[in-house]
Amino acid sequence: MADAPIPFGALSPQLAQDEAALRAAFERVLGRGWFLAGPEVAAFEEEFAAWLDLPWSVSCANGTDAIVLALAALDLPPESRVVLPSFTAPPCYHGVLAAGCIPVFAEVEEAYGTLDPAAVRRAAETTGARAVLAVHLYGQPCDMDGLRAVCDDLGLLLVEDCAQAHGALWGERPVGVFGDLACFSFYPTKNLGALGDAGALAGRGQEQRDRARQLRQYGEHPRYVCAMPGMNSRLDELQAAFLRVRLARLDALNEERRALAGRYLEGLAGTPLGLFAERPGTRHARHLFAVRVPDRQGGRDALARHLRDQGIGSAVHYPVAGHKQPMFSLRRADVDGESDLSLSERLAAEVLSLPLWPGLAPGAVDRVCAAVRGFYGM
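For clarity, every value in this text was computed on a predicted model and none was experimentally measured.

The rules behind each value
Residues numbered from 1 in each chain as written. Predicted model: local features only at pLDDT ≥ 70, side-chain atom pairs only at ≥ 80, totals over all residues. Heavy atoms only, no water. Helix = DSSP H or I, 4+ residues; strand = E, 2+ residues; numbered from the N terminus. Polar contact = N/O pair within 3.5 Å; in protein donor to acceptor, adjacent residues only side chain to side chain. Pairing = 2+ DSSP bridges. Contact = heavy atoms within 4.5 Å. Axes fitted to C-alpha atoms, helices over the stretch in contact; angles between N-to-C directions. Buried < 20%, exposed > 50% of the residue type's maximum accessible area, 1.4 Å probe, protein only. Phe/Tyr/Trp six-rings, centres within 6.5 Å; stacked < 30°, edge-to-face > 60°. Salt bridge = Lys/Arg side-chain N within 4 Å of Asp/Glu carboxyl O. Core = buried A, V, L, I, M, F, W, Y, C linked by side-chain atoms within 4.5 Å. Left-handed = near helix turned anticlockwise from the far one by under 90°.

Student: Just checking my understanding: could you explain the side chain of H323 for this structure?
Tutor: Locating H323 in the fold gives a position in the loop between α11 (299–309) and α12 (342–350). Polar side-chain contacts of H323 include one of 2.6 Å to the side chain of S86.

The structure is reproduced here in structure tokens:
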């Protein structure tokens, strides 16, 4: 009998343990008949802020909107330069653009794949940037001490993009507490995922909280009086209720992710694949398990085909560096100050994400590792 396929991702196994609680949450919201801006949203915002050990969180429709709201809540002047990694997910620079700001791409650290503080300094000094968007990629915390030092020295605002890092720690503290504001996505595949789109931002400043709340609903204050240009970005009651259920088990699910990642690290040791290091003194959230595939034996595409032929899924996060996106070719000013971003380009050509999700059997990880080793004749 052929081995069962190993999909790149699967939500059903991790949702199965919460099925009764999720159904109860649905019935609770349905029975109440209150679907927007109600008690479930208020409760989730309070519980999520407490989990982060921050004074507040403000929910919104998705993670991209969280970036837009964060930059808007900081009241940056129009067309302010914002430094962010070139090797990152497209929503990061789309959020910067949607906030009326201009992305300035900087290089990442090769060992960890996250924003290089030295590159941030060079980019900010060259372009007169006003803010930094630090992306905790794949669940790996950025160098927050280094970035905080650069931002303090140059007077830059620091926004953390924690969309892939719910539960990651820098030292003993969760990512999201080191910047001026933090952004989160609750897309279904995230470590803390809704059953649809959802997002949030969190922080300490009450002025930023009030401004974000106002901006997410048409800039109104009071109702139907628009004091500033705003947007429609609300979390609905049903998704908030689902997120409350899932938040209760997030730490346990993250531990499962880390155990699976550890098994990958053991099983892939000695192969030609490049493995990102786990930054000392941190706790990786293991949102994705990405490897670097060398340009030999057909490179990444050949390995992906080999895995697919054995019923194993994979994905690429992310195939095009930000500064190479076609949309920027028409507006080179959007990437002014661009320096050597060759590492970001190499990473975009090499990375491949292997299956890693709560509910994945350890034996499935062993199968993936065996298939990789077989590809290299090991």
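Student: What is the right way to look at the sheet that holds strand β13 (residues 351–354) in this model?
Tutor: Taken in spatial order, the three strands of this open sheet run β10-β12-β13, and their pairing is antiparallel. The open sheet has two edge strands, β10 (274–275) and β13, and neither has a second partner. Where strand β12 (residues 289–292) meets β13, four bridges bridge the pair, whose relative direction is antiparallel. Paired with F289 across the two strands is L354, which belongs to β13. Across the sheet, helix α10 (residues 250–268) is in contact with β10, β12 and β13; its angle to β12 comes to roughly 25 degrees.

Student: Mind showing me how you'd approach the pairing of strand β8 (residues 181–185) here?
Tutor: Every regular strand shows the same layout, with side chains that alternate between the two sheet faces. Counting buried positions over the five residues of β8 gives five, a clear majority of the element. Because side chains alternate across β8, one face comprises the buried residues L181, C183 and S185, and the other comprises A182 and F184, equally buried. Relative to β8, strand β5 (residues 157–161) is paired through three bridges, and the arrangement is parallel. Bridge pairing in β8 links V159 to L181.

Student: Quick question: what am I supposed to make of the packing of aromatic side chains here?
Tutor: Here a ring pair, both rings aromatic, is described through the centre-centre distance and the interplanar angle of the planes. For the structure on display, the rule yields twelve aromatic pairs. Taken together, a centroid distance of 5.5 Å and an interplanar angle of 85 degrees make the contact between F44 and F186 edge-to-face. Of the two residues, F44 sits in helix α3 (residues 39–52) while F186 sits in the loop between β8 and β9 (199–203), which places them 142 residues apart along the sequence. For the pair F44 and F186, a shared accessibility class is recorded, and that class is buried. With 5.6 Å between their ring centres and 85 degrees between their planes, Y93 and F105 make a pair best called edge-to-face.

Student: What is the right way to look at the pattern of salt bridges in this model?
Tutor: When the charged atoms of two side chains lie near each other, side chains of opposite charge can form a pair. The tally for this structure, following the rule as stated, stands at 22 salt bridges. Linking R367 and D3 is a salt bridge whose minimum nitrogen-to-oxygen distance equals 3.7 Å. In this pair, R367 sits in helix α13 (residues 362–375) while D3 sits in the segment before α1 (12–16), placing the two residues 364 residues apart along the sequence. A network of salt bridges, in which partner residues are shared, links R28, R32, E40, E47 and R244.

Student: In this structure, what is going on with the nonpolar core? I would like to understand it.
Tutor: Considering soluble globular proteins, one finds that nonpolar side chains tend to be buried as a cluster. Grouped together as the largest cluster of nonpolar side chains are 44 residues, with contacts concentrated most on F44, F48, V83, V132, F184, F186 and L243. Those elements that place two or more of their residues in this core are α3, β3 (102–106), α6 (117–127), β4 (131–135), α7 (144–154), β8, β9 and α9 (237–247). Not counting residues within four places of it along the chain, the set of residues in contact with F48 comprises S57, F184, F186, L192 and L247. Within the second largest apolar cluster, 43 residues are counted, among which are V58, L76, L288 and F328.

Student: For this particular structure, what's the right way to read unusual backbone geometry?
Tutor: Backbone geometry follows two general trends: most residues other than glycine have a negative phi, and most peptide bonds adopt the trans configuration. A cis amide bond links H221 with the next residue in sequence, P222, at an omega value of -5 degrees. Structurally, P222 is set in the loop between α8 (206–215) and α9. Even without being glycine, A37 reaches a positive phi, approximately 50 degrees. Within the secondary structure layout, A37 lies in the loop between α2 (19–32) and α3.

Student: I tried to follow helix α4 (residues 63–73) on my own but got confused; where do I start?
Tutor: The periodicity of an α-helix, 3.6 residues per turn, causes residues three or four places apart in sequence to face the same way. For α4, the tally of buried residues reaches nine of eleven residues, placing the bulk of the element in the interior. Buried within α4 we find G63, D65, A66, I67, V68, L69, A70, L71 and A73. Looking one or two residues beyond α4, the residue adopting positive phi is D75, at roughly 60 degrees.

Student: How should the packing of α3 against α9 be read in this particular structure?
Tutor: The description of two packed helices rests on the angle between their axes and on the distance between the axes. Where α3 meets α9, the axes come as close as 8 Å, and the angle between the chain directions of the two elements is 35 degrees. Here the hand of the crossing between α3 and α9 comes out left-handed. Side by side, α3 and α9 meet where P39, E40, V41, A43, F44, E47, F48 and W51 of the first sit next to E237, A240, A241, L243, R244 and L247 of the second.

Student: So what exactly am I meant to see when it comes to the sheet that holds strand β11 (residues 282–283) here?
Tutor: Adjacent strands of a sheet form backbone hydrogen bonds with each other and so pair up, either parallel or antiparallel. Here we have three strands laid out as an open sheet, ordered β7-β6-β11, and antiparallel in their pairing. The open sheet terminates on both sides in strands that have one partner only, identified here as β7 (173–174) and β11. Judged from the two bridges that link them, strand β6 (residues 169–170) and β7 form a sheet pairing that is antiparallel. The partner of W170 across the bridge, within β7, is R173.

Keep in mind that these numbers describe shape and distance, not what the molecule does.
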